[in-house]
Amino acid sequence: MAADDLTIVLADDQDLVRAGFRVILESEPGFRVVGEAPDGAAAVDAVVALRPDVVCLDVQMPGVDGLEAARRIAALPDPPAVLVLTTFDDDGALFAALEAGASGFLLKNASPERLIDAVRTVAAGDALLDPDVTRRVISRATATTAAAAHAPDPVRTPATGTGSDPATNTGAAAIAAVGLTERETEVLRLLARGLSNAEIARTLYVGEATVKTHVSNVLQKTGVRDRIQAVVWAFERGITASS
């Protein structure tokens, strides 16, 4: 065991799933699974006792589920990165886990290589969404924003309304309130589309280091800790790629 090994706790109510993940992760040099848990409560206890770098959480577990476990883990001093591994049956659970503090999401049918990359990514302090998950997040959030924008206003009547888009107004107000520049707003909208830093750099014809600076500024000004939370922040305020 090396002192700089990346340490991992696995939480899933299925023994075979945990065993399979352990085999995959420990096949990677420098990865070490230091604990397992069959439910969320045990996962929190394992994190407190073992202080891993990453905890991999299933969403649906008996007793304390993965969502509540993620909330409790995020509230700990110096918490580990939380990677949620899910079959993605429930969009609501996904959004709840995002808000609970998950650092990344990966579908359980992902390849072993993808799982290894995901653990390495969140351990490095970066956020990760499986591409399929990203598309579902964007689709649901965009639909929610559109529904809110077209819902009747119980206070304002057609005669007194401004005719402007409420979601657009909310988004513009939020952008102004935190002081995002035009370029930072562009970067935020591209983040909301699920683009990586490299993809954003190509889209905006700038260097990747410049994009990293803009992303850091967005995180600082919006008061969120990573790009996933920035996407949630944007969607909650009606800021999408087309807003």
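Residues numbered from 1 in each chain as written. Predicted model: local features only at pLDDT ≥ 70, side-chain atom pairs only at ≥ 80, totals over all residues. Heavy atoms only, no water.

A. Here's a closer look at the overall build of the protein. Looking only at helices and strands, the protein has 11 helices and six strands in total. Per-residue burial over the protein gives 44% buried out of 243 residues. Here the analysis covers contacts within the protein between residues at least 6 apart in sequence; of these, 65% occur between residues at least 24 apart. As displayed, the protein offers around 11900 Å² of accessible surface, 53% of which is attributable to carbon and sulfur atoms. (Helix = DSSP H or I, 4+ residues; strand = E, 2+ residues; numbered from the N terminus. Buried < 20%, exposed > 50% of the residue type's maximum accessible area, 1.4 Å probe, protein only. Contact = heavy atoms within 4.5 Å. Areas by Shrake-Rupley, 256 points an atom, 1.4 Å probe, with all protein chains shown as cover.)

B. Looking closely at the environment of Asp12. Secondary-structure assignment places Asp12 in the loop between strand 1 (6–11) and helix 1 (15–26). Judged by its relative accessible area of 3%, Asp12 falls in the buried class. Considered as a pair, Asp12 and Pro62 are 50 residues apart in the sequence and their alpha carbons are 9.5 Å apart. Residues contacting Asp12, with those up to four places away along its chain left out, are Val17, Arg18, Ala37, Pro38, Asp58, Met61 and Lys108. Of the polar contacts made by the side chain of Asp12, one reaches the side chain of Lys108; its length is 2.8 Å. (Polar contact = N/O pair within 3.5 Å; in protein donor to acceptor, adjacent residues only side chain to side chain.)

C. Layout of the packing of helix 8 (residues 182–192) against helix 11 (residues 227–236). At a minimum axis distance of 9 Å, the contact between helix 8 and helix 11 shows a crossing angle of 100°. Put simply, helix 8 runs roughly perpendicular to helix 11. Between helix 8 and helix 11, the contacting residues are Leu188, Leu191 and Ala192 on the first element and Arg227, Ala230, Val231, Trp233, Ala234 and Phe235 on the second. When the residues that make up the contact of helix 8 with helix 11 are grouped by side-chain class, the tally is eight nonpolar, no polar and one charged. (Axes fitted to C-alpha atoms, helices over the stretch in contact; angles between N-to-C directions. Parallel < 35°, antiparallel > 145°, perpendicular 65-115°, else oblique. Nonpolar A, V, L, I, M, F, W, Y, C, P; charged D, E, K, R; others polar.)

D. Main features of the pattern of salt bridges. Per the stated rule, a full pass over the model turns up 13 salt bridges. The shortest N-O distance in the salt bridge between Arg51 and Asp78 comes to 3.5 Å. A residue pair is termed long-range when its members are at least 10 positions apart, and Arg51 in the loop between helix 2 (40–50) and strand 3 (54–58) and Asp78 in the loop between helix 3 (66–74) and strand 4 (81–86) qualify at 27 residues. Overall, Arg51 belongs to the exposed group, its relative accessible area being 53%. Judged by its relative accessible area of 64%, Asp78 is exposed. As a salt-bridge pair, Arg183 and Glu186 come within 3.2 Å of each other at their nearest N and O atoms. Of the two residues, Arg183 and Glu186 both sit in helix 8, three residues apart, roughly one turn of that helix. A network of salt bridges, in which partner residues are shared, links Asp15, Arg18, Arg22, Glu26 and Glu36. (Salt bridge = Lys/Arg side-chain N within 4 Å of Asp/Glu carboxyl O.)

E. Helix 1, seen in detail. Look at helix 1: 16 Å from first C-alpha to last across 12 residues, which is about the 16 Å you get at 1.5 Å a residue. Within the span of helix 1, buried status applies to Arg18, Phe21 and Leu25. Each buried residue of helix 1 lies within a common arc of 65° when the element is viewed along its axis, so the set occupies one face. In helix 1, the exposed positions angled more than 90 degrees off the buried face are occupied by Asp15, Leu16 and Val23. Those residues of helix 1 hidden inside the fold are in contact with strand 1, strand 2 (31–37), strand 4 and helix 5 (112–123). (Expected span 1.5 Å × (residues − 1). Arc of directions from axis to C-beta.)

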